[in-house]
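# Observations on the three-dimensional arrangement
What follows is the residue order along each chain.
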Amino acid sequence: MPDKVWKYITEKLEREGACHFSLLDPDPLATRKDTVVELAKIAEKAGSDAIMIGGSTIFGDIDDSVKAITDAVDIPTILFPGDITGVSEHADAMFFMSLLNSTNPYYIIGAQALAAARVKFSNIEPIPMAYLLIEPGKSAAWVGEAKCFPRDKPKLVLMYALAAELLGFKLVYLEAGSGAEGGGVPTEIIAAVSQYCDIPLITGGGFNSVESVVGAVEAGASIVVQGTYLEKHLQADNGAGLKRIIEALKVAGAKKL
Ligand code: 1GP
């Protein structure tokens, strides 16, 4: 299993200071295949650095959508599974993630063990990632039985992020939950984690404006993920708003180099 996508990510971060990832829901019961493919193409044209594919509530078979997205774009496709239903061999890579603040060991190591052989003996590149849920956590927290971190307690998140680094995870994802109100993960939490943690920090959940995305990068995030914004605006403005957000993210990233 080559580390092609991981190399792409780290080299981009070295060159540009920050990356933007677009999250798409591959569930055929939620989004039509031609719609997710169109969203992926518009996101790529707007300058997004990778397409993440996944979600916490997947009911249907995702293979067709994952294959169609991977065939349609040149940027990497990375699975973002909420459970074993989120695995497909048609993506370039997969965030092999553990929800460290779940109260249920299934979401920390159980699902991973069930999927491990399939991932190991396929061509998917696994990227080990710690996943930390911050209030409100939304569907991901409900499904993942997380004890969400309070938004005003950066030190609690930092403890877990440092443990993630020492356990060997390559990335730490600070997640407020898809559609979270409040403009994403608080910058105080991002700043505390990025000050002491040496692995790249990825964040998502409620980032829906230039200000919130730039604020996350300025606070120390390496990668900002947007999902709901794309569903709401991408087709309507053909990616113009996303392009502005990504341009601002890259300016903020360049200042950190
Ligand atoms: C959810 O962090 C992602 O897992 C994206 O969140 O849908 O709020 O952009 P949004």
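Residues numbered from 1 in each chain as written. Predicted model: local features only at pLDDT ≥ 70, side-chain atom pairs only at ≥ 80, totals over all residues. Heavy atoms only, no water.

## Points about the site of the ligand
Quick note on the threshold: Only heavy atoms are used to decide nearness, and a residue is near a molecule or strand if one of them lies within 4 Å of it. Polar contact is the term for a pair of N or O atoms within 3.5 Å; when the atoms are in protein, one must be able to donate a hydrogen and the other to accept it, and sequence-neighboring residues count only if both atoms are side-chain atoms. To be clear on the numbers: accessible area is Shrake-Rupley with a 1.4 Å probe, and residue cover counts the displayed protein chains and nothing else. Residue classes follow a fixed rule: Ala, Val, Leu, Ile, Met, Phe, Trp, Tyr, Cys and Pro count as nonpolar, while Asp, Glu, Lys and Arg count as charged, and any other residue, Gly among them, counts as polar.
Every residue near the ligand is listed here: Leu23, Phe80, Tyr173, Glu175, Ser178, Gly179, Gly204, Gly205, Gly206, Gln226, Gly227 and Thr228. Taking Ser178, its side chain carries an N or O atom lying 2.6 Å from an oxygen atom of the ligand. Protein burial of the ligand: of its 300 Å² of free accessible surface, 96% is covered by the chains. Of the residues belonging to the shell around the ligand, the class tally is three nonpolar, eight polar and one charged.

## Re the packing of helix α2 (residues 33-46) against helix α3 (residues 63-72)
Packed helix pairs are characterised by how far apart their axes lie and by the angle those axes make with each other. Using the following cut-off: Note on method: axes are straight lines fitted to C-alpha atoms, helices fitted across the in-contact stretch only, with angles between N-to-C directions ranging 0 to 180 degrees. Runs of E in the DSSP output that reach at least two residues are strands. Runs of H or I that reach at least four are helices, and both are numbered from the N terminus. Here is the rule for angles: anything less than 35 degrees is roughly parallel, anything more than 145 is roughly antiparallel, 65 through 115 is roughly perpendicular, and the remaining ranges are oblique. Here is the rule for handedness: rotate from the far helix to the near one, and if that takes an anticlockwise turn smaller than a right angle the crossing is left-handed, while a clockwise turn gives right-handed. By definition, residues are in contact when any of their heavy atoms lie within 4.5 Å.
One can describe the packing of α2 onto α3 by two numbers: an axis separation of 9 Å at closest approach and a directional angle of 30°. Accordingly, the angle class assigned to the pair α2 and α3 is roughly parallel. The handedness of the crossing between α2 and α3 is right-handed. Contact residues: Lys33, Val36, Val37, Ala40, Lys41 and Glu44 in α2; Asp64, Ser65, Ala68, Ile69 and Ala72 in α3.

## Observations regarding the side chain of Asp49
For the record, the criterion: Relative accessibility decides the category of a residue: with a 1.4 Å probe and only protein chains considered, values under 20% of the type maximum give buried, values over 50% give exposed, and everything between is partly exposed.
Looking at where Asp49 falls in the secondary structure, it is placed in the loop between α2 and β2 (50-55). What makes Asp49 buried here is its relative accessible area of 1%. Polar contacts involving the side chain of Asp49 include one to the side chain of Lys12, which spans 2.7 Å. Within the local environment of Asp49, its side chain forms a polar contact with the side chain of Lys250, the two groups lying 2.8 Å apart. Not counting chain neighbours up to four residues away, the residues in contact with Asp49 comprise Tyr8, Lys12, Glu16, Ala18, Cys19, His20, Phe21, Ile75, Pro76 and Lys250.

## So, the nonpolar core
Where we set the bar: For the purposes of this section, nonpolar cores are sets of buried Ala, Val, Leu, Ile, Met, Phe, Trp, Tyr and Cys residues that join through side-chain atoms within 4.5 Å.
Ile51, Val172, Leu174, Ile190 and Val193 are the most contacted members of the largest nonpolar core, which has 61 residues in total. Considering every element that reaches this core, the biggest residue donor is α2, with seven residues. Apart from the residues lying within four places of it in its own chain, the contact partners of Val193 are Val157, Leu158, Ala161, Val172, Leu174 and Leu201. Of all hydrophobic cores here, the second largest spans 29 residues; its members include Cys19, Phe95, Met129 and Cys148.

## Details of helix α9 (residues 228-237)
This is how the line gets drawn: To obtain the arc, one takes the directions from the helix axis to the C-beta atoms.
Listed in full, the buried residues belonging to α9 are Tyr229, Leu230 and Leu234. Viewed along the axis of α9, the buried residues span an arc of 80°, placing them on a single side of the element. Seen from the open side of α9, the exposed residues pointing more than 90 degrees away from its buried face are Glu231, Lys232 and Ala236. The inward-facing, buried residues of α9 abut β1 (19-24), α2, β8 (223-226) and α10 (240-255).

## A look at the environment of Met52
With respect to the secondary-structure elements, Met52 resides in strand β2. Here Met52 falls in the buried class, since its relative accessible area comes to 0%. Through-space distance from the C-alpha of Met52 to that of Ile108 is 20 Å; in sequence the pair is 56 residues apart. If sequence neighbours within four positions are ignored, Met52 has contacts with Phe21, Ser22, Leu23, Leu24, Ile78, Phe80, Phe95, Tyr173, Ile202 and Val225.

## What to know about unusual backbone geometry
Cis geometry is adopted by the peptide bond preceding Pro136, which originates at Glu135 and carries an omega value of 5°. Tracing the chain through its elements places Pro136 in the loop between β5 (125-133) and α5 (138-143). You will see that Lys138, though not glycine, has its phi angle at about 50°, which is positive. With respect to the helices, strands and loops of the structure, Lys138 is situated in helix α5.

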